[in-house]
Amino acid sequence: KLPHAHHRFSRTPLAIPSTPFRDPPRPVRTSASCVVATMGFLKHLLPLMGVCFAVVGASLVVAPQETVSAVYGGKTVAGSLLAWTTRGAFEFGFGMLAIFSRNWGSKERFKIGVVSLVLVGAALGSFYAHADSSGLPPFALTHPPYAALALLFVTLLAALTLNQMEPGIFEADKDGGPRRSTRNRTKRV
């Protein structure tokens, strides 16, 4: 029996002869079963998080006082505009990195996810320790920005855990072994 694949313009399957040099056929979506072939949770979460960070970061650079009052519900303290614009530039760059990570491999996404987890945890700790003295509302998980950061922290932790448990939960494209080069190697004499 020959494996089947769909032609990209047709819904009818095409027979593909099996050869030892051909990769095994990828799973095909059918109405009876829904197979997610290449999409992982972290692959979706990082770009979404990146868009949020990039938008808030850009607005902190352009209009820090208005952004702090709109996002955090506080007022900037005298002399803190430089700190907020610097934070905004960092958030924008970090957000763009998270957006671009969608096209990279799962190992790179995992590293960016770990850094994201550490940074979000550090931001939560910073808000917990210094929110009152910086003109922001006191730290409470009932306040929407703090609750969103806490939810992001838990979601990132879950995404990183699932990323390490794959393939098998959301992805079927990872192989268990190391990558091999396709170049021809020559022996040195």
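Our structure's up above, just so we're on the same page.
What counts, and at which threshold
Residues numbered from 1 in each chain as written. Predicted model: local features only at pLDDT ≥ 70, side-chain atom pairs only at ≥ 80, totals over all residues. Heavy atoms only, no water. Helix = DSSP H or I, 4+ residues; strand = E, 2+ residues; numbered from the N terminus. Buried < 20%, exposed > 50% of the residue type's maximum accessible area, 1.4 Å probe, protein only. Areas by Shrake-Rupley, 256 points an atom, 1.4 Å probe, with all protein chains shown as cover. Salt bridge = Lys/Arg side-chain N within 4 Å of Asp/Glu carboxyl O. Patch = residues over 30% accessible without salt bridge, like charges linked within 9 Å, V, L, I, M, F, W, Y side chains within 5 Å. Core = buried A, V, L, I, M, F, W, Y, C linked by side-chain atoms within 4.5 Å. Contact = heavy atoms within 4.5 Å. Axes fitted to C-alpha atoms, helices over the stretch in contact; angles between N-to-C directions. Parallel < 35°, antiparallel > 145°, perpendicular 65-115°, else oblique. Nonpolar A, V, L, I, M, F, W, Y, C, P; charged D, E, K, R; others polar. Polar contact = N/O pair within 3.5 Å; in protein donor to acceptor, adjacent residues only side chain to side chain. Phe/Tyr/Trp six-rings, centres within 6.5 Å; stacked < 30°, edge-to-face > 60°.

Student: Give a detailed account of the overall build of the protein, specifying residues and quantitative values.
Tutor: Counting secondary structure elements, the protein contains five helices and two strands. Counting from the amino terminus, helix and strand elements in the protein follow one another as β-β-α-α-α-α-α. Across the 189 residues of the protein, 29% fall into the buried class. Accessible surface, the protein: about 13,000 Å² in total, of which carbon and sulfur atoms supply 64%.

Student: For the pattern of salt bridges, give the residues involved together with the corresponding values.
Tutor: Under the definition given, this model contains one salt bridge. One salt bridge in this structure joins Arg87 and Glu91, with 2.6 Å as the shortest N-O distance. Pair noted here: Arg87 and Glu91 are both in helix H3 (residues 81-100), with a separation of four residues, about one helical turn. Using a relative accessible area of 6% as the deciding quantity, one classes Glu91 as buried.

Student: Can you lay out a nonpolar patch on the surface for me, pointing to particular residues and giving the numbers?
Tutor: Taken together, the side chains of Phe90, Val115 and Leu119 present a nonpolar region at the surface, about 250 Å² in accessible area. By relative accessible area, Phe90 is classed as partly exposed at 48%.

Student: Summarise the environment of Leu82; cite the residues concerned and give the values.
Tutor: With respect to the helices, strands and loops of the structure, Leu82 is situated in helix H3. Along the primary structure Leu82 and Pro64 are separated by 18 residues, whereas in three dimensions their C-alpha atoms are 9.0 Å apart.

Student: Describe in detail the nonpolar core, supporting the description with residues and values.
Tutor: Nonpolar side chains in soluble globular proteins generally cluster together in the buried interior. Grouped together as the largest cluster of nonpolar side chains are 26 residues, with contacts concentrated most on Met49, Phe127, Leu136 and Leu156. For this core, the secondary structure elements donating two or more residues are helix H1 (41-62), helix H2 (64-72), H3, helix H4 (106-130) and helix H5 (144-165). Looking at this core, the element that brings in the most residues is H5, giving seven residues. For Leu156, the residues in contact, after removing those within four places along its chain, are Leu42, Leu45, Leu46, Met49, Gly113, Ser116, Leu117 and Val120.

Student: So what's going on with the packing of H2 against H3? Residues and values would help.
Tutor: Running from amino to carboxyl end, H2 crosses H3 at an angle of 75 degrees, the nearest separation of the two axes being 10 Å. The orientation of H2 relative to H3 falls into the category roughly perpendicular. Contacts between H2 and H3 involve Pro64, Gln65, Val68 and Tyr72 from the first element and Leu81, Trp84, Thr85, Arg87 and Glu91 from the second. Here the residues of the contact of H2 with H3 are counted per class, giving five nonpolar, two polar and two charged.

Student: Talk me through the side chain of Glu91; I want residue IDs and the actual numbers.
Tutor: A distance of 2.6 Å separates the side chain of Glu91 from the side chain of Arg87, its partner in a polar contact. Setting aside anything within four residues of it in sequence, one finds Glu91 in contact with Phe53, Ala54, Val56, Gly57, Leu60 and Tyr72.

Student: Mind laying out the packing of aromatic side chains, listing which residues take part and the relevant values?
Tutor: The final tally for this structure, using the stated rule, is five aromatic pairs. Between Phe90 and Phe94 the ring centres are 6.1 Å apart and the planes differ by 10 degrees, which places this aromatic pair in the stacked class. Taken together, the residues Phe90 and Phe94, both in helix H3 and four residues apart, mark about one turn of the helix. Taking the relative accessible area as the measure of exposure, Phe94 reaches 9% and is therefore buried. Centroid distance Tyr128 to Phe139: 5.6 Å. Interplanar angle 85 degrees. Geometry classified as edge-to-face. Of the two residues, Tyr128 sits in helix H4 while Phe139 sits in the loop between H4 and H5, which places them 11 residues apart along the sequence. Taken together, the ring pairs in this structure connect Phe127, Tyr128, Phe139 and Tyr146 into an aromatic cluster.

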